[in-house]
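# What the coordinates show
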Amino acid sequence: MSPPGGPKDETPPELIEVIPPNGTTHFKGGRVELLFSEYIDENTVDRSVSILPFLDEEPEIVYKGNRLHIYFPDSLSVDQTYIVSINRGLSDEHKVNLSQGIQVAFATGSEIDRGIISGSIYYSKDASLNLWKIQNENDHLKFYERVPDYVIDASNEGYYEFNFLSLGQYKIAAVDKVLSGIPIVLDKFIYGLSWVPTIELSSQENIKELNIKIPNRLGGIKMINAENLQDSWGKITFSESINNVINQIQLEIINEDSSKLNTKLFQDPGDDTQLHFLLEDPINGYISIHLNETKKWNTTLIESSSIRLNMQAIVDTTELLIIQPDAKSKVQLKSKSIEPLKVIFSNLFELNSHENSIFLFKDSVSIPFDINWDTPLSLDLVPKTKWEVSSNYELKLFEESISPIYGIPLKDSVTSIQFKTSDYEKFGKLIINTIPEKSGKIVVELQNMEKSYLTFLSVVNFDGKTIISEIPEGNYSLMFFQDRDSSMQYSYGQIEPYRTSEWFYYYQDTIKIRSNWDMELQKIEFDLAE
C-alpha cells in the first residue's frame, strides 16, 4: 500500500532573490537572474514574464528549475528604467499561481524612476491594466492603436500598482485579462477608463486611488435569435434581461414585399430575455425583423440588428400546460398591497368565462378574486381580500372553459394546483449623509449583493442627505457616482472620441438592511473629479 501523499501544496511561489539586485543603476544589459522559493512550471514562463517598456529586441528567457535567467540586449536606451514584470499567470510545478504580480527594476542611468500609479479595478472577472506613456500630440489621440508601454494584472481583490515610472503624461485603460498587452480594437474590446483624462507624473509623484470600472458586456443588449411559433406568432431572444428597456425597444417587422406588418409585442411572462410578437394576419413565408439602435446620452442601450425568419403554420398537437404556479410556488406578500398570483400558460389561450374557468380556495373555502390580463400567455389573479401569510391555497382550472388558440386543451377536465404564500416581505430604510467637497450631481446606487436586479438609485439632495425607503432585507453594496450626463447610469468612458469615465466611489462596508430598522450613515466625505 502506497504511503499517503500529504496535504496539497497551495502555497504560492515567491521571488526570494534578484541578481543584480532590484534597483540596480548604471545597468548595461546582460543576464538578470530571478530565484524563486519553488520550482517553476516552465509552460507558464513565456506568457507571464515581460520587460517594460517593451524592447525592440525580445530578451531571451532561460528556464532553470527554480531560477529564471533573462538576457537583456546591450543596446538599451540611455537614462531609462526597465521593469521585469511577472504577472499572476506564473505558477510553480504544483500549478499554484503567484498571489500577486511582481515588478523589479534596473536603470541604465544614475537613478531609478520612482513614479507610482495605483488604484482598484471593479470587474466581475480577472482584469489587467494597460498604460501608455504619451509621446506626442498625435499619440495623445491615437495611443490605443499601439501596444501599451506598461502592463500589469490586478490582484484577486482588484488592486493594481505601476512602479518605477518616469516623469511625463500617461493614458490608462483597464481590460479583461485575456486582452492585456495589445492595442485596443474599437467596438471589439471591453474596457474601462479613468475619470482623469491625462495622468501627469511629476517630481516622482505617487498617484493613488485611480480607480476604474469595467463593464460586464460590450455595447448594448443584443438580439440573439428569433423563432417561428405559428404563422402569426414568433418569439425573439435577447442577450440579457429587457426589463429595464422594454418600453424603449424599437422593432419593425417587414414582409417580403417591403411592407411594414402590424404587430403586437409582449414580454414573455416567465423569461425576461424574451419578447413575443403577434402579427395581425398570418404569414406563409419570410419576414425581416429589424431592431433599431437605442441610445441614451451617447450610451448604447440596445444594438441594431436584423434577423430573417421563415413564418409558417405548425400543426401543434401538444396539450396546454400550466407553467406557473406549481407546488413550489410562493406568492411573495407585501404588507401595503395585495400581490397578484401570476398564472402562466404554455400557449396562447382564451377564457370563455372566468367565473366558470378558475377557482381559488383556502381550506375548501372559495376566495373571490379579480382577473387582470397580463399577456396573451398569462393572467394575474388578485384576491379581493388580503392573502393570509404563510398559508396553503389551491387553484382549480376547468378545461372546458379554457381554450388554447393552438394545440389541444388541458389534459384533465379539472387541473388542481397547490401553492403557498410567504410571510410579509420585510423592509428597512437607509439614510445617507454626505459631505462632497465640490458641487455636482451625485447619484447613489444601492445594489443587493445576491440579487443584482434589486438596485435602488437616488440623487443626493443639496443638503447631502439621501433617504432610500422600502428596501428588502439583505446585504447591499453602496456606490456614489458623478452623473455628468444626467443618464442616471454610470458611464465607463469612451476611447474614440476620448471621453473620461464618471467619477465614482464605493463605500467600503457592506450595507446590512434589517426589517423595520432605519440605518443611518454619517458624514461620508469624498472629493469629486474636476
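The rules behind these values
Residues numbered from 1 in each chain as written. Predicted model: local features only at pLDDT ≥ 70, side-chain atom pairs only at ≥ 80, totals over all residues. Heavy atoms only, no water. Helix = DSSP H or I, 4+ residues; strand = E, 2+ residues; numbered from the N terminus. Rg over C-alpha atoms; globule rule 2.2 N^0.38 Å. Buried < 20%, exposed > 50% of the residue type's maximum accessible area, 1.4 Å probe, protein only. Contact = heavy atoms within 4.5 Å. Areas by Shrake-Rupley, 256 points an atom, 1.4 Å probe, with all protein chains shown as cover. Lys, Arg positive; Asp, Glu negative; His and termini not counted. Charge placed at Lys NZ, Arg CZ, Asp CG, Glu CD. Pairing = 2+ DSSP bridges. Salt bridge = Lys/Arg side-chain N within 4 Å of Asp/Glu carboxyl O. Core = buried A, V, L, I, M, F, W, Y, C linked by side-chain atoms within 4.5 Å. Axes fitted to C-alpha atoms, helices over the stretch in contact; angles between N-to-C directions. Phe/Tyr/Trp six-rings, centres within 6.5 Å; stacked < 30°, edge-to-face > 60°. Lys NZ or Arg CZ within 6 Å of the ring centre and 35° of its normal. pLDDT = per-residue confidence, 0-100.

### Section: the overall build of the chain
- Broken down by element type, the chain carries two helices and 44 strands.
- A compact globule built from 530 residues should have a C-alpha radius of gyration of about 24 Å, whereas the chain, at 31 Å, is more than 25% larger.
- Principal-axis analysis of the C-alpha atoms places the extent of the chain at approximately 95 × 70 × 60 Å.
- Residues classed as buried in the chain amount to 48% of the 530 residues present.
- A separation of at least 24 residues holds for 70% of the contacts in the chain among residues at least 6 apart in sequence.
- Accessible surface computed for the chain: about 27700 Å², of which carbon and sulfur atoms make up 45%.
- Side-chain charges of the chain comprise 48 positive and 78 negative groups, with the mean position of each set lying 4 Å from the other.

### Describing the sheet that holds strand 36 (residues 414-424)
- Within the open sheet, the five strands sit side by side as 27-36-34-30-31. Their pairing is mixed. Because the sheet does not close on itself, it has two edges, and the strands there are strand 27 (330-333) and strand 31 (365-366).

### Overview of the pattern of salt bridges
- Within this structure, the stated rule accounts for 19 salt bridges.
- Its salt-bridge partner being K222, residue E303 comes within 3.5 Å of it at the nearest N-O pair. A residue pair is termed long-range when its members are at least 10 positions apart, and E303 in the loop between strand 24 (299-302) and strand 25 (305-311) and K222 in the loop between strand 16 (212-213) and strand 17 (223-230) qualify at 81 residues.
- With its nearest N and O atoms 3.0 Å apart, the salt bridge here joins K342 to D380.

### Some thoughts on the nonpolar core
- Formed by 28 residues in total, the largest nonpolar core has its most connected members in I117, I121, L129, Y160, F162 and I172.
- Those elements that provide at least two residues to this core are strand 7 (102-107), strand 8 (115-122), strand 9 (127-133), strand 10 (150-153), strand 11 (159-165), strand 12 (168-176) and strand 14 (199-201).
- Look past the residues within four positions of F162 in its chain and what remains in contact with it is Q103, G115, I116, I117, L129, L131, Y150, V151, I152 and I172.
- I468, Y490, I513 and L521 belong to the second largest nonpolar core, which has 26 residues in total.

### Some words on the sheet that holds strand 21 (residues 274-279)
- Within the open sheet, the four strands sit side by side as 17-18-21-20. Their pairing is antiparallel. One side of each edge strand has no neighbouring strand; the edge strands of this open sheet are strand 17 and strand 20 (263-267). Within the sheet, the average angular offset between the axes of one strand and its neighbour, ignoring direction, is 20 degrees.
- Sheet topology note: the strand 17/strand 18 (residues 233-238) ladder contains six bridges and is antiparallel. If you follow E227 over to strand 18, its bridge partner there is K235.

### Here's the deal with the pairing of strand 20
- Where strand 20 lies against strand 21, five bridges are found, and the strand directions are antiparallel. Counted as the bridge partner of K264 is L278 from strand 21.
- Counted along the chain from strand 20 to the antiparallel partner strand 21, the turn is six residues long.

### Details of the packing of aromatic side chains
- Inspection of every chain in the model, using the stated rule, returns 25 aromatic pairs.
- A centroid spacing of 5.4 Å and a plane angle of 85 degrees characterise the contact between W195 and F504, whose relative ring orientation is edge-to-face. In this pair, W195 is assigned in the loop between strand 13 (191-193) and strand 14 and F504 in strand 42 (residues 504-506), connecting sequence segments 309 residues apart. When sorted by exposure, W195 lands in the same class as F504, which is buried.
- Ring geometry for F504 versus Y506: centroids 5.9 Å apart, planes at 80 degrees, classification edge-to-face. Residues F504 and Y506 agree in their burial class; the two are buried.
- Members of the aromatic cluster, connected to one another through ring pairs, are Y122, W195, F481, Y490, Y492, F504 and Y506.
- The ring of Y490 has K213 lying over it, and the distance from NZ or CZ to the ring centre is 5.5 Å.
- Positioned above the aromatic ring of Y286 is the side chain of R308, whose terminal nitrogen or guanidinium carbon lies 4.0 Å from the ring centre.

### Brief notes about unusual backbone geometry
- In this model, L52 is joined to P53 through a cis peptide bond whose omega is -10 degrees.
- For P53, the location among the structural elements is in the loop between strand 3 (49-52) and strand 4 (60-64).
- Note that the residue after Q324, namely P325, is joined by a cis bond; omega there is 5 degrees.
- Looking at the secondary structure, you find P325 in the loop between strand 26 (322-324) and strand 27.
- Here the phi dihedral of D79 falls at roughly 50 degrees; this positive angle occurs in a residue that is not glycine.

### Considering the pairing of strand 32 (residues 369-375)
- Pairing geometry for strand 32 and strand 33 (residues 378-383), over six bridges, is antiparallel. Each residue of the ladder has a partner; that of T375, found in strand 33, is S378.
- Here strand 32 hands over to strand 33 after two residues, the two strands then running antiparallel side by side.

### Description of the confidence of the model for the chain
- Put simply, the chain has an average pLDDT of 92, and 96% of its residues get 70 or more.
- Between the elements of the chain, mean pLDDT differs from a low of 73, seen in helix 2 (residues 354-357), to a high of 98, seen in strand 16.

### Examining the side chain of N433
- Relative to the assigned elements, N433 resides in strand 37 (residues 427-436).
- If near-sequence neighbours (up to four positions away) are discounted, N433 is found in contact with G464, K465, E520, L521, Q522, K523 and I524.

### As for the environment of T455
- Tracing the chain through its elements places T455 in strand 39 (residues 455-459).
- For T455, a relative accessible area of 30% puts it in the partly exposed group.
- C-alpha of T455 to C-alpha of S477: the two residues are 22 residues apart in sequence and 9.6 Å apart in space.
- Each residue touching T455, except ones within four places of it in the same chain, is listed here: E445, L446 and Q447.

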